Amino acid sequence: MASLFSLTLVLLSLTSSAKCELSQGFKSAQNLDLSIRDYSFHSHKNYFKTGTFHTVNLPANLSGITVNAAKFRCGSLRRYGAQAMQLHLPAGVIAYPCVERVMLVVQNLGLDWSYLYNDSYDLTGYQLVSPVLGLLAYNADNVTNSSKSLQVGILARGKNPISLDFGNTTIMDNATGLIPLCASFGHDAKVTLSNQVGPNACAAFGDGHFGLVVESPLVPERRPGKVSGWKLVVGTSVGAALGAFLLCLLLIALFVKVKKKARIDEMERRAYEEEALQVTMVGHVRAHTASGTRTVPVIEHHYRPSPY
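Residues numbered from 1 in each chain as written. Predicted model: local features only at pLDDT ≥ 70, side-chain atom pairs only at ≥ 80, totals over all residues. Heavy atoms only, no water.

Asks: Pulling in residues and values, what's your account of the nonpolar core?
Replies: Membership of the largest hydrophobic core comes to 30 residues, with the highest contact counts inside it found for Leu 77, Leu 89, Val 102, Leu 104, Ile 154 and Leu 164. Each residue touching Leu 77, except ones within four places of it in the same chain, is listed here: Phe 72, Ala 82, Leu 89, Val 93, Val 102, Leu 104 and Ile 154. With 25 residues, the next largest nonpolar core counts Val 67, Met 103, Leu 116 and Leu 128 among its residues. (Core = buried A, V, L, I, M, F, W, Y, C linked by side-chain atoms within 4.5 Å. Buried < 20%, exposed > 50% of the residue type's maximum accessible area, 1.4 Å probe, protein only. Contact = heavy atoms within 4.5 Å.)

Pasting the structure below:
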């Protein structure tokens, strides 16, 4: 029984671990940013032309995320701006504190990873309806050691804000017809809401993460994705093993019950036999004698012998 109990614990641990595939240890959006930063700096170990964005190769556990990165001189970024994926940085944007080179990291987290912001930020009353787009900047002077890189800020001043276009992304079904609001996820764990500047378009004046939200009571539930093949195999195997284990327990319980009933019947039979036969010991031999059941004779007092 101890081995069966140990097997149950192992199977339950495998089942619980199979349910935690998406986060892969990323308990917050900030941890995800740090991991993407490290992969972006690692990609610059090879030479890339300054001012040209390139796609950062991410591991399989970050599938669904698209990242573009590029190095800029602070002066060039201020004079010419930059364009990457759905983000446009206008001329006049500055990096602060100003370093010689800055690395821009532009993220598109996709629908799956964007929902990490539901846990990291307070979106009470609202629901994301678009992927989260991110714009982060780092000191690129020490590109060989990302652990020592410091995040720098991006600021757009005047009437030329940073524009974000969600039109080329897959928006969740919004059958209510409500116009989504622009949500800015700040570094202080606060969410700022603002109106759109165009159809599925938002404006920002600094770095951070951005998305479209609508009021949650009117947003349909998120559709679950397809279950991968290996998850289905693991789940089926675990279910079959648990079913076999429970069947074994049932058979063992039935066997114990039958044996117990047979033992009780045997004890009752022996008790009945010993009650019917008296047991006496003759030396070392057990002798069974029947109990006295004959009628005891009675002397008749009215009988008188004949005098003759």
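Asks: Report on the UniProt feature "transmembrane region" (unreviewed entry) in the chain, specifying residues and quantitative values.
Replies: Taking the numbering used here, the UniProt-annotated feature "transmembrane region" (unreviewed entry) corresponds to residues 232–256. Summarising residues 232–256: 100% helix, 0% strand, and an end-to-end C-alpha distance of 36 Å. (UniProt positions renumbered as here; feature names shortened; annotations may be inferred. Helix = DSSP H or I, 4+ residues; strand = E, 2+ residues; numbered from the N terminus.)

Asks: Tell me about the state of the cysteines, residues and numbers included.
Replies: Taken as a whole and assessed by the stated rule, the structure comprises one disulfide. Note that Cys 182 is cross-linked by a disulfide to Cys 202, the S-S spacing being 1.9 Å. One disulfide, between Cys 182 and Cys 202, carries an S-S torsion of -90° and so falls in the left-handed class. Note that Cys 182 is positioned in strand β11 (residues 181–185) and Cys 202 in strand β13 (residues 201–204), a separation of 20 residues in sequence. Under the relative-accessibility criterion, Cys 202 is labelled buried at 4%. For the unlinked cysteine Cys 74, the closest cysteine sulfur is that of Cys 98, found at 3.3 Å. Its relative accessible area of 6% is what places Cys 74 among the buried residues. (Disulfide = S-S within 2.5 Å.)

Asks: Any chance you could break down the packing of aromatic side chains for me, citing the residues and the numbers?
Replies: Working definition: an aromatic ring pair is given by the centre-to-centre distance plus the angle between the planes. A full pass over the atoms with the stated rule returns five aromatic pairs. Between the aromatic rings of Phe 53 and Phe 72, the centroid separation amounts to 5.6 Å while the plane-to-plane angle is 55°, which identifies the pairing as tilted. Here Phe 72 lies in strand β2 (residues 66–73) and Phe 53 lies in the loop between α2 (29–43) and β1 (54–55), a separation of 19 residues in the sequence. On the basis of relative accessible area, Phe 72 is assigned to the buried category, the value being 6%. Plain terms: the ring middles of Tyr 121 and Phe 185 are 5.2 Å apart, the flat faces sit at 65° to each other, and that makes the pair edge-to-face. With a gap of 64 residues between them, Tyr 121 in the loop between α5 (117–120) and β7 (126–128) and Phe 185 in strand β11 connect regions that are remote in the sequence. By way of ring pairs, the aromatic residues Tyr 117, Tyr 121 and Phe 185 are connected into one cluster. (Phe/Tyr/Trp six-rings, centres within 6.5 Å; stacked < 30°, edge-to-face > 60°.)

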